[in-house]
Amino acid sequence: MKKIIIDCDPGIDDALALLLAASSDKLELLAVTTVTGNRPVAITARNARRILDAAGKMQVPVYAGAALPLGYAEARCNLVHGEDGLGGVGFGADRSVQTGHAATRLIELLLEHEEGSITLVAIGPLTNLALAERLSPGILKRARQLLIMGGALRCPGNVTPAAEFNFYADPVAAEIVITAEASIVLFPLDVTHQVVMSPEWIQSFSTIDTHCGRLAADMLEAYAKLDPLLHDACPVAYLFDSSLFEGEPCAVTVDCRHGPTEGYAMSWFGSQIEGRRENVQAITKVHDVALLTLVRSSINMLS
């Protein structure tokens, strides 16, 4: 069984990723940590707790983390997912999240478990991971892998022409994590833009007569009108079946300077890498039909 921690900012696409992870008996979800991103951290933590409870994972702890990006006085949130982050879909009564900061708990879990035994799945801004690395230098190298959704390498960004949202929301954190010498598999917009949620696929969730199926159907109906792309499920799906994806090594650095290229993930591939360290395995292709089938069939297994 694979031990994983998911760091996220739910968010409807994060919600789908959490439901996907919850559906597998081959993944041991040690904890979910949340960060300010799609919505402020108090909301993302509440949303993670609500999603896990709906999926029957009441025992999985949720820890709230960074409220602000590193070096910025204000958070960079968006309203793509609605004021509540989940498209206004009703999840029922709320339960409290655990006490303690997400970054501290990340450090503790990585030290408590054998080195190389935990995979970190990061599908929001990377502030919590960067704080953990700053508080305990080298801690991210203890992870088996970091599976990160973020960046735009050979395609335009989705917030600015240069930057993808997660990296733009905290470019300093992204640079700290990307250069931490950990084993990183990166899922940039280059690949997530290949996974388009068709109206037919979204409509198919209405035939899943379970609580989670109905929640997914309602959330997707709200989300797909603005961004019909399955971003955050990609790193979780990689844990199910890495053969769904293809990638290549590259060197990446993140532009932290204020200005039009802030959050830009500059990348070097192939012969361009000469003289630079290959610090990322960049996923560049996905078998999209198989991935969409996996996501739907997995959520269909939840009650």
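Residues numbered from 1 in each chain as written. Predicted model: local features only at pLDDT ≥ 70, side-chain atom pairs only at ≥ 80, totals over all residues. Heavy atoms only, no water.

(A) View of the packing of helix H3 (residues 102-112) against helix H4 (residues 127-135). Contact pair H3 / H4: the axes reach a minimum separation of 8 Å and the direction vectors enclose 60°. In terms of axis orientation, H3 runs oblique to H4. Handedness of the crossing formed by H3 with H4: right-handed. Packed against H3, whose contacting residues are Ala102, Ala103, Leu106 and Ile107, the element H4 presents Asn128, Leu129, Leu131, Ala132 and Leu135 at the interface. (Axes fitted to C-alpha atoms, helices over the stretch in contact; angles between N-to-C directions. Helix = DSSP H or I, 4+ residues; strand = E, 2+ residues; numbered from the N terminus. Parallel < 35°, antiparallel > 145°, perpendicular 65-115°, else oblique. Left-handed = near helix turned anticlockwise from the far one by under 90°. Contact = heavy atoms within 4.5 Å.)

(B) Highlighting the pairing of strand S8 (residues 265-269). For S8, the tally of buried residues reaches 4 of 5 residues, placing the bulk of the element in the interior. Looking at chain direction, strand S7 (residues 245-254) and S8 are connected through 5 bridges and run antiparallel. Residue pairing across strands places alanine 251 opposite tryptophan 268, the latter belonging to S8. (Buried < 20%, exposed > 50% of the residue type's maximum accessible area, 1.4 Å probe, protein only. Pairing = 2+ DSSP bridges.)

(C) Molecular detail of the pattern of salt bridges. Evaluated as defined, the whole model comprises 10 salt bridges. One salt bridge connects glutamate 262 with arginine 76, and the closest N-O pair in it is separated by 3.3 Å. With glutamate 262 in the loop between S7 and S8 and arginine 76 in the loop between strand S3 (62-64) and H3, the pair connects residues that are 186 residues apart, well separated along the chain. When the shortest N-O distance is used, the salt bridge between arginine 142 and glutamate 115 registers 3.8 Å. With arginine 142 in the loop between H4 and strand S5 (145-149) and glutamate 115 in the loop between H3 and strand S4 (118-122), the pair connects residues that are 27 residues apart, well separated along the chain. Ionic contacts of the salt-bridge type, sharing partners, join the residues Arg49, Asp53 and Arg95 into one network. (Salt bridge = Lys/Arg side-chain N within 4 Å of Asp/Glu carboxyl O.)

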